[in-house]
Amino acid sequence: MTAKSAKRAPGAGTVRGGRLDAAPSDLMDAINVSIDVDKRLHAEDIAASKAHCAMLVRQGIISEADGDAILGGLDTIGKEIEDGRFLFHRSLEDIHMNVESRLAELVGDAAGRLHTARSRNDQVATDLRLWLRQTLDDMDEALAGLQAVLIDKAEAHAGTVMPGFTHLQAAQPVTLGHHLLAYVEMFGRDRGRAADCRRRLNQCPLGAAALAGTSFPIDRRMTAEALGFDGPCANSLDAVSDRDFAMEFLGLAAVLAVHLSRLAEEIVLWCSDAFKFARLSDAFSTGSSIMPQKRNPDAAELVRAKTGRVIGALGALLVVMKGLPLAYGKDLQEDKVPVFKTAETLSLSLAAMAGMVSGMEFDTGRMKADAGGGFSTATDLADWLVRELDMPFRDAHRVTGRLVGLAEEKGLSLDGLHLDDMQSVEKGITEAVFGVLGVDNSVTSRDSFGGTAPERVRQAVSAARKRFLT
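All values derive from a computational prediction rather than experimental measurement.

### Section: the packing of helix H3 (residues 42-58) against helix H6 (residues 120-156)
Moving on, step 1. At a minimum axis distance of 9 Å, the contact between H3 and H6 shows a crossing angle of 120°. If you check the angle between H3 and H6, you find them oblique. Where H3 crosses over H6, the handedness of that crossing is right-handed. Here H3 contributes Glu-44, Asp-45, Ala-48 and Ser-49 to the contact with H6, which in turn contributes Gln-123, Thr-126, Asp-127, Leu-130 and Trp-131.
Moving on, step 2. Of the residues in the contact of H3 with H6, the class split is 3 nonpolar, 3 polar and 3 charged.

Next up, the structure:
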């Protein structure tokens, strides 16, 4: 059973304020009403109202009897919403007035005292910060879960050789584990950005009222502490008009979505007939309505596509905010749709990506065979010339380029050239050069910190578990 919305509530008054008597036009209702969007803030709105009520009682601004009645009524409303029995009225515009109207039905005149020393302006800013704080916590958990899947896969494939690419051209052999750990690092930075955003948003606007604060002797630190904030916002104008935290969330979300899209793109490539490196499980593949042989990586393609939605949400809110003078403007009502939609999109994309990676199988033979293509060990040859013949790297680069041209002319790989062929280009080359030209030798040799050598990958796996999962 779900909570319902109604256009008009019998006997409910339209929220018009003290000066306005006539009902709004239907068009005004259509453009102004936000309850269909902001009703998801109900838990946060009730929590903030309870904290505000407790503070008003302790400060002697309202009586203890009225406070008890209000708190009891708010608990009832919360239960009604959770059970799907609460009727949301569009005539009451938003979540704040829907809760207040129902509270009046439950406890009578005492309900009207709850709005002392606050405004819908500081209410909504507080509610959205509370909601986004929990969303960031959930995102961090989902990112940690995705990292765990990638780390497990990287450990299993610490020694699996694959082509490393630049410009999508074969560059040097790498290990699959090393490749997957690159995304672990990206998602780790995403978690860092989310933590930074959470820390900055964790200031409480409640008590800033409409824009200038209040003449009542409120205790803003009490409400901030009750709601888990680090403290109250220092400036009342900023408190009600700031949406930096929402823009910052959308900014970090856009970066995260791009990281997801890059991994999704690689999955699409790896599963293609051109690569044949990987195979998605049936759970994350689809077929074709006309071609029975098809296995389409639609989940990866959709994660890739949804990045556009997230980037667009950031642009939308930046444009909303760019011309707003202090303090509150109704423009700020448009902050919630991009934030809510982005959170939904990322939650789904993160779960789908974790599922895809977890069930993905790799054709390690195909990957290793392709790792030797495109003369991918040419840099190993150049490095050998530097080490063994004391050749300046630029000279070694030139010699290696000539050897690659010779191998290409003969239709051979570098390690397929005869020693005589190599010595025709550089007479100092010895039989020992063949020890660095195989792909296994290549990846094993790259054991610098952060390198692709299997032993380095295993060390990196262990370090990543400690850094990100403990």
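Next, the rest of the story.
### Quick look at the pattern of salt bridges
Moving on, step 1. On inspection of all chains with the given rule, the structure shows 31 salt bridges.
Moving on, step 2. As a salt-bridge pair, Asp-94 and Arg-120 come within 2.6 Å of each other at their nearest N and O atoms. Of this pair, Asp-94 sits in the loop between strand S2 (87-89) and helix H5 (95-107) while Arg-120 sits in helix H6, and the two are 26 residues apart along the sequence.
Moving on, step 3. Residue Asp-94 is classed as buried on the basis of its relative accessible area of 7%.
Moving on, step 4. Note that Asp-335 is salt-bridged to Lys-336, the shortest N-O span being 2.9 Å.

### Quick notes on the layout of surface pockets
Moving on, step 1. One number sums up the size of the largest pocket: a volume of about 370 Å³.
Moving on, step 2. Lining of the largest pocket is provided by 19 residues; of these, Cys-271, Ser-272, Asp-273, Ala-278 and Arg-295 occupy positions nearest its centre.
Moving on, step 3. The set of elements that each furnish at least two residues to the lining of the largest pocket consists of helix H10 (244-270), strand S7 (278-279) and strand S8 (361-362).
Moving on, step 4. Classifying every residue of the lining of the largest pocket by side-chain character gives 8 nonpolar, 4 polar and 7 charged.
Moving on, step 5. As a volume, the second largest pocket reaches approximately 300 Å³.
Moving on, step 6. What lines the second largest pocket is a set of 15 residues, and nearest its centre among them are Leu-181, Glu-185, Phe-449, Gly-450 and Ala-460.
Moving on, step 7. Counting residues per element, the ones that place at least two in the lining of the second largest pocket are helix H7 (176-201) and helix H18 (454-469).
Moving on, step 8. Of the residues forming the lining of the second largest pocket, the biggest block, 7 residues, is contributed by H18.

### Notes on unusual backbone geometry
Glycine aside, residues mostly have negative phi angles, and peptide bonds mostly take the trans form.
Moving on, step 1. The residue after Leu-326, namely Ala-327, is reached through a cis peptide bond having omega 5°.
Moving on, step 2. Relative to the helices and strands, Ala-327 resides in the loop between helix H11 (298-321) and helix H12 (336-359).
Moving on, step 3. At Ala-117, a position not held by glycine, the phi torsion is positive, near 65°.
Moving on, step 4. Structurally, the position occupied by Ala-117 is in the loop between H5 and H6.
Moving on, step 5. Overall, the relative accessible area of 7% leaves Ala-117 in the buried class.

### Structural notes on the nonpolar core
Moving on, step 1. Counting residues in hydrophobic clusters, the biggest one holds 71 residues, and the most contacted among them are Leu-150, Phe-187, Phe-249, Leu-260, Trp-270 and Met-353.
Moving on, step 2. Considering each element in turn, this core owes the most residues, 16 residues, to H10.
Moving on, step 3. Among residues more than four places away in sequence, those in contact with Leu-150 are Leu-180, Tyr-183, Val-184, Phe-187, Leu-263 and Val-357.
Moving on, step 4. One finds Cys-53, Leu-56, Ile-95 and Ile-218 within the second-largest nonpolar core, a separate group that totals 23 residues.

### Some thoughts on the pairing of strand S3 (residues 161-166)
Moving on, step 1. Two strands pair when backbone bridges link them, and S3 and strand S4 (residues 169-175) are joined in this way by 6 bridges, in the antiparallel orientation. Looking across to S4, one finds that Phe-165 is bridged to Ala-170.
Moving on, step 2. Between S3 and S4, which pair antiparallel in sequence order, lie 2 residues; one of them, His-167, sits at a positive phi of approximately 60°.

Rules of the game
- Residues numbered from 1 in each chain as written.
- Predicted model: local features only at pLDDT ≥ 70, side-chain atom pairs only at ≥ 80, totals over all residues.
- Heavy atoms only, no water.
- Axes fitted to C-alpha atoms, helices over the stretch in contact; angles between N-to-C directions.
- Helix = DSSP H or I, 4+ residues; strand = E, 2+ residues; numbered from the N terminus.
- Parallel < 35°, antiparallel > 145°, perpendicular 65-115°, else oblique.
- Left-handed = near helix turned anticlockwise from the far one by under 90°.
- Contact = heavy atoms within 4.5 Å.
- Nonpolar A, V, L, I, M, F, W, Y, C, P; charged D, E, K, R; others polar.
- Salt bridge = Lys/Arg side-chain N within 4 Å of Asp/Glu carboxyl O.
- Buried < 20%, exposed > 50% of the residue type's maximum accessible area, 1.4 Å probe, protein only.
- 1 Å grid on protein atoms, 1.4 Å probe; cavity = no way out; pocket = protein on both sides within 12 Å on 5 of 7 lines; lining within 4 Å.
- Points joined across faces, edges and corners; volume = space filled by probe spheres on them.
- Core = buried A, V, L, I, M, F, W, Y, C linked by side-chain atoms within 4.5 Å.
- Pairing = 2+ DSSP bridges.

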